[in-house]
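Listed below, chain by chain, are the residues.
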Amino acid sequence: LALTGTVSSYAAGVLPGLLLSGLGHGMVYTSMFSLGTSRIPAGLEGGAGAVLTTSQYLSSAVSVAILTIVLAAAPAEVRFLSAFAVTTAFAVAGMGIAIVAHRDAKRERTP
């Protein structure tokens, strides 16, 4: 989506990014809820799901606030490019955190 400012057609500039974003969101949210409730004692899954949903909504609110600041501060010709670049940076950081957390969890399970 960060390339939308450089491509004039919807099919070439916007659609691929939206499809990729939709696929990513589907994988992330499904994985988040599966992993987030997998080791929860019986009867507490609903509470764990509520905590996960709350964290999802809270992160969305914080993201909108950060992106609003970025959009207001950037020059008009690169506003959306800047916002998408910040979003990409956070996604890459989240991927790094997930990889490190997964690696640490594997170490804890190894006898």
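Cut-off values and rules
Residue indices begin from 1 for each chain and proceed along its sequence in written order. With the structure being a predicted model, the display of local features is reserved for residues of pLDDT at least 70 and the display and counting of side-chain atom pairs for 80 or more, all residues being used for whole-chain, interface and lining totals. The side-chain numbers reported here are obtained from all heavy atoms of the structure, hydrogens and water having been left aside. Segments assigned H or I by DSSP are reported as helices when at least four residues long, segments assigned E as strands when at least two residues long, and all are numbered from the N terminus. The globule rule used for comparison is 2.2 Å times the number of residues to the exponent 0.38, while the radius of gyration itself is calculated over C-alpha atoms. Using a 1.4 Å probe on the protein chains alone, a residue whose accessible area is under 20% of its type maximum counts as buried, one over 50% counts as exposed, and one in between counts as partly exposed. Note on contacts: a residue pair qualifies if any of its non-hydrogen atoms lie within 4.5 Å across the two residues. The convention is simple: Lys and Arg are positive, Asp and Glu are negative, and His and the chain ends are not counted. Charge coordinates come from a single atom per side chain, which is NZ of Lys, CZ of Arg, CG of Asp or CD of Glu. Working convention: axes come from line fits to C-alpha atoms, limited for helices to the stretch in contact. Angles between N-to-C directions cover 0 to 180 degrees. With the far helix as reference, a near helix turned anticlockwise by less than a right angle produces a left-handed crossing, and one turned clockwise produces a right-handed crossing. Classification convention: Asp, Glu, Lys, Arg as charged; Ala, Val, Leu, Ile, Met, Phe, Trp, Tyr, Cys, Pro as nonpolar; all other residues, Gly among them, as polar. Patch membership is restricted to residues that have no salt bridge and whose relative accessible area is over 30%. Joining uses 9 Å for like charges and 5 Å for the nonpolar side chains Val, Leu, Ile, Met, Phe, Trp and Tyr. Method for areas: the Shrake-Rupley scheme with a 1.4 Å probe, in which residue coverage is limited to the protein chains shown. Should a side-chain nitrogen of Lys or Arg be within 4 Å of a carboxyl oxygen of Asp or Glu, the pair is scored as a salt bridge.

Draft legend 1. Molecular detail of the overall build of the protein chain. Of regular secondary structure, the protein chain possesses four helices and zero strands. Along the protein chain, from the amino end to the carboxyl end, the secondary structure elements read α-α-α-α. Here the C-alpha atoms of the protein chain give a radius of gyration of 18 Å, more than 25% beyond the 13 Å that 2.2 N^0.38 yields for 111 residues. Taking the principal axes of the C-alpha coordinates as reference, the protein chain spans close to 55 × 25 × 25 Å. Here the protein chain, with 111 residues, has 8% of them falling under the buried criterion. Of all intrachain contacts in the protein chain linking residues separated by at least 6 positions in sequence, the fraction that spans at least 24 positions is 20%. Measuring between centres, the 6 positive side-chain charges of the protein chain sit 7 Å from its 4 negative side-chain charges.

Draft legend 2. Region of the structure containing the packing of helix α3 (residues 45-73) against helix α4 (residues 79-109). Between α3 and α4, whose axes approach to 8 Å, the crossing angle comes to 145°. In this structure, α3 crosses over α4, and the sense of that crossing is right-handed. Residues I66, L67, V70, L71 and A72 of α3 lie in contact with α4, whose contacting residues are R79, F80, S82, A83, V86, T87 and F90. Counted by class, the contact of α3 with α4 contains nine nonpolar, two polar and one charged residues.

Draft legend 3. Focus on a nonpolar patch on the surface. Taken together, the side chains of Y10, L15, L18 and L19 present a nonpolar region at the surface, about 400 Å² in accessible area. Ranked by residue count, the leading element in the nonpolar patch is helix α2 (residues 15-37), at three residues. We classify L15 as partly exposed; its relative accessible area is 33%.

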